[in-house]
Amino acid sequence: MKLKKLFAGVVAAAMMLTMAVPAFATGSAITSDDGITSYTLNKSYQLIGEGQAPAADFNFTITNTSVTGSEKYKGRTDFPTPSITPSVHYGANEATRTGTGTGAKDIVVNFLKEGDALIYDSVGQYVYTIAETTPETGLAGVDYDQKNVSMKVTVVNDDKTDNGLKISTISFTKNNKDKISGKVDGNTNEEAAFINTYTANKLEVTKKVTGAAGDKNYPFSFTVTFTGPNGKTWDASALTFAEDAKRADYVNNAWNFTLTHGESISFANLPKGVTYSVVEKYLNADNQITINDIVYTASYEYGTGTMEAAAKTATVTNATKGFVDTGVILDNAPYILMLAVVAGGAMTLVIKKRREEE
């Protein structure tokens, strides 16, 4: 009996605590008894694949959407608008895989005007749309968040303030569907107000030589051209290479290099959407090249493609059919010489005999 009473007391205390503490959980509104004067949203910049994200600026706007419960602004959209952080800057390589740490930045919504007074002059529920601006020319590999955030601000009477009003509740809805806290959670970051990603990886070009006559020490020449995605900013001449790996030279808008059998070159940090084309130089129309009287036929595996989150590998194989028998086999030369001597002696005897008979 005493155990039941103790359990009932614990449950009652837990219920009272739940009712007393403001709700900040997923899908709940942010509340305050004293009134809300500002709120800090988070944005997340995440790295997908393998690379280093470029420096980037992400811009934000806030616009009035609708209001209910206010006679003064009934049917109008010219009600007070809070201020918002207009732009968030990231330095190079600040995007992280989880979007936390340097990948998380603040967007502050401020409900005060000059003199620290609340911007509102009427009770009501005010709805705003917070949006990330997609630039006309974005950065290659960067995805901009086009899912708007809807913010609902509830303004109620409060005799403790100068104008008798306070913000009791604010809530955020993403993509007109899911309520969010607007905070980076370090996992999927579904609670973040805005999520941006940078997707990149590497292209590895590998050389193979096959066939008995193939010279595996010969340096074959290659060129690789890269094309950035339409409407995106990207500089093909500013590529990097894997550490302690082979390098290439940028000439005439293409990267030039040589590879022997088994060698590779790795182009790093290629953004998503960049297309590539690997070409072995000096091939004829049949994809053949003759080196030291040996004919090599080149073939490509994934010689062209488009970069995505996964790494790419392009393999160029030069195949030979072996050496061609174009001369006398030296091991038989003595025997051939002996046959020639015998044949010559026989012809001499025949000619001499005929002369004697005449």
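Residues numbered from 1 in each chain as written. Predicted model: local features only at pLDDT ≥ 70, side-chain atom pairs only at ≥ 80, totals over all residues. Heavy atoms only, no water.

Caption draft 1: Structural detail: the overall build of the protein. Of regular secondary structure, the protein possesses 2 helices and 24 strands. When burial is assessed residue by residue, the protein has 35% of its 358 residues classed as buried. Only carbon and sulfur atoms are counted for the fraction: they give 53% of the accessible area of the protein, which is about 20,900 Å². (Helix = DSSP H or I, 4+ residues; strand = E, 2+ residues; numbered from the N terminus. Buried < 20%, exposed > 50% of the residue type's maximum accessible area, 1.4 Å probe, protein only. Areas by Shrake-Rupley, 256 points an atom, 1.4 Å probe, with all protein chains shown as cover.)

Caption draft 2: A look at the sheet that holds strand β18 (residues 254-259). A sheet is described by the order of its strands in space; here 5 strands give the open sequence β17-β18-β14-β20-β23, paired in antiparallel fashion. In this open sheet, the two strands that pair with only one neighbour each are β17 (249-251) and β23 (304-306). Strand-to-strand twist in this sheet, taken as the mean axis angle between neighbours without regard to direction, amounts to 25 degrees. Here 3 bridges tie β17 to β18, and the two strands are oriented antiparallel to one another. Following the sheet pairing, V251 is matched in β18 by A254. (Pairing = 2+ DSSP bridges. Axes fitted to C-alpha atoms, helices over the stretch in contact; angles between N-to-C directions.)

Caption draft 3: Spotlight on the environment of N318. Topologically, N318 is positioned in strand β24 (residues 312-319). Overall, N318 belongs to the buried group, its relative accessible area being 0%. Distance from N318 to D215, taken between C-alpha atoms, is 9.9 Å for residues 103 residues apart in sequence. With residues near it in sequence (within four places) discarded, N318 still touches K207, K208, V209, T210, F220, E280, I289, Y296, T297 and A298. (Contact = heavy atoms within 4.5 Å.)

Caption draft 4: Summary view of the pattern of salt bridges. Counting across every chain of the model gives 7 salt bridges. Between E94 and K105 there is a salt bridge; the shortest N-O distance is 3.4 Å. One end of the pair, E94, is in the loop between β5 (87-90) and β6 (104-110); the other, K105, is in strand β6, and 11 residues separate them in sequence. You can call K105 partly exposed: its relative accessible area is 22%. The partner of K207 in a salt bridge is E280, with the nearest N and O atoms 3.0 Å apart. (Salt bridge = Lys/Arg side-chain N within 4 Å of Asp/Glu carboxyl O.)

Caption draft 5: Expanded view of the environment of Q52. Mapped onto the elements, Q52 comes out in the loop between β2 (38-49) and β3 (56-68). Considered as a pair, Q52 and A268 are 216 residues apart in the sequence and their alpha carbons are 9.2 Å apart. Setting aside chain neighbours within four positions, we find Q52 in contact with N93, Y198 and N269.

Caption draft 6: Inspection of the nonpolar core at higher detail. Counting residues in hydrophobic clusters, the biggest one holds 42 residues, and the most contacted among them are F111 and Y120. Those elements that provide at least two residues to this core are β2, β3, β5, β6, β7 (124-133), β10 (149-157), β11 (165-174) and β13 (194-210). Considering every element that reaches this core, the biggest residue donor is β3, with 5 residues. (Core = buried A, V, L, I, M, F, W, Y, C linked by side-chain atoms within 4.5 Å.)

Caption draft 7: Main features of the pairing of strand β19 (residues 264-271). Most of β19 sits inside the fold, with 6 of its 8 residues counted as buried. Where β13 and β19 come together, 6 bridges link them in antiparallel fashion. By the bridge assignment, A200 is partnered in β19 with P271. Bridge analysis of strand β16 (residues 240-241) against β19 gives 2 bridges, and the strand direction is antiparallel. Paired with T240 across the strands is A268, a residue of β19.

Caption draft 8: Broad picture of the packing of aromatic side chains. Under the criterion given, the structure shown has 21 aromatic pairs. A centroid spacing of 5.7 Å and a plane angle of 15 degrees characterise the contact between F222 and F257, whose relative ring orientation is stacked. Taken together, the residues span a long stretch of sequence, with F222 in strand β14 (residues 220-227) and F257 in strand β18 at a distance of 35 residues. Like F222, the residue F257 is buried in the burial classification. Joined through ring pairs, the aromatic side chains of F222, F226, W234, F241, Y250, W255, F257 and F267 make up one cluster. (Phe/Tyr/Trp six-rings, centres within 6.5 Å; stacked < 30°, edge-to-face > 60°.)

Caption draft 9: Fine view of the layout of surface pockets. For the largest pocket, the calculated volume is near 450 Å³. Lining the largest pocket are 21 residues, with Q52, Y198, T240, A268 and N269 sitting closest to its centre. Breaking the lining of the largest pocket down by element, the ones donating at least two residues are β13 and β19. A total of 4 residues in the lining of the largest pocket trace back to one element, the largest contributor, which is β19. Residues belonging to the lining of the largest pocket are distributed by class as follows: 11 nonpolar, 7 polar and 3 charged. (1 Å grid on protein atoms, 1.4 Å probe; cavity = no way out; pocket = protein on both sides within 12 Å on 5 of 7 lines; lining within 4 Å. Points joined across faces, edges and corners; volume = space filled by probe spheres on them. Nonpolar A, V, L, I, M, F, W, Y, C, P; charged D, E, K, R; others polar.)

Caption draft 10: Geometry of the environment of V156. Relative to the assigned elements, V156 resides in strand β10. Relative accessible area serves as the criterion here: at 25%, V156 is assigned to the partly exposed category. Residues within four places of V156 in sequence aside, it is in contact with V123, G164, L165, K166 and S168.

Caption draft 11: Examining the confidence of the model for the protein more closely. When pLDDT is averaged along the protein, the result is 87; 81% of the residues meet or exceed 70. The model gives residues 1-26 a pLDDT under 50, and that stretch makes 9 contacts with residues more than four places away or in other chains. (pLDDT = per-residue confidence, 0-100.)

Caption draft 12: View of the pairing of β7. Among the 10 residues in β7, 7 count as buried, and that is most of the element. By the bridge criterion, 9 bridges tie β3 to β7 in an arrangement that is antiparallel. Of the residues in β7, the one forming a bridge with V67 is Y126.

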